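# Remarks on the overall topology
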Amino acid sequence: SDPISLLAIVFSALIHDVDHRGVSNAQLVKEEERMGLLYNNTSVAEQNSLDVSWQLLMSENFGDLRAFIFGNEKSTFQRFR
């Protein structure tokens, strides 16, 4: 019923497996040591998907979208985050 919560659910579904390398987390840690270190070897692919997607959403290209969704409400933005 809360629009921001519903948007968070849809956003999560959309970004699932963004930049996925097609290998398991264990293999990803072996192949991409820096990525493993960055995410403490925990849910590496998932955390990377979230980081890539968040950086894209925060880019200048999506400023209008962010303004439309969150307006000037910092609390709304923080709830979504």
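Residues numbered from 1 in each chain as written. Predicted model: local features only at pLDDT ≥ 70, side-chain atom pairs only at ≥ 80, totals over all residues. Heavy atoms only, no water.

## Quick notes on helix α4 (residues 44-58)
Rules: Numbering goes from the N terminus for both helices and strands, where a helix is a DSSP run of H or I of at least four residues and a strand is a run of E of at least two. By this rule the span expected of a helix is its residue count minus one, scaled by 1.5 Å. Burial classification: accessible surface area is computed with a 1.4 Å probe over protein chains only, and a residue below 20% of its type maximum counts as buried, one above 50% as exposed, and the rest as partly exposed. Residue contacts are defined here by distance: any two heavy atoms, one from each residue, within 4.5 Å place the two residues in contact.
Over its 15 residues, α4 runs 21 Å from end to end, which matches the ideal 21 Å to within 8%, given 1.5 Å per residue. Listed as buried for α4 are V44, A45, N48, S49, S53, W54 and L57. The inward-facing, buried residues of α4 contact α1 (3-15), α2 (25-31), α3 (33-38), α5 (63-70) and α6 (74-80).

## As for the nonpolar core
Which entries qualify depends on this criterion: Working definition of a nonpolar core: buried Ala, Val, Leu, Ile, Met, Phe, Trp, Tyr and Cys residues. They are joined through side-chain atoms within 4.5 Å.
Core analysis: the largest hydrophobic core is formed by seven residues, namely I4, F11, I15, W54, L57, F70 and F80. Every element with two or more residues in this core is listed here: α1 and α4. No other element matches the three residues that α1 contributes to this core. In contact with F80, other than residues within four places in its own chain, are I4, L7, A8, F11, W54, L57 and F70. Core analysis: the second largest hydrophobic core is formed by five residues, L28, Y39, V44 and A45 among them.

## Observations regarding unusual backbone geometry
Positive phi outside glycine occurs at D19, with the angle close to 65°. One non-glycine residue, N41, lies in the positive phi region at around 55°. On the secondary structure map, N41 appears in the loop between α3 and α4. For N41, a relative accessible area of 47% corresponds to the partly exposed category.

## Things to note about the pattern of salt bridges
Note that side chains of opposite charge can pair when their charged atoms are close. We count it as follows: Any Lys or Arg side-chain nitrogen located within 4 Å of an Asp or Glu carboxyl oxygen qualifies as a salt bridge.
Per the stated rule, a full pass over the model turns up three salt bridges. Among the salt bridges present, the one from R21 reaches D19, with a minimum N-O distance of 3.1 Å. The exposure class of D19 is partly exposed, given its relative accessible area of 37%. Through salt bridges that share partners, D19, R21 and E32 make up one connected network.

Shape is all these values report; function is a separate question.
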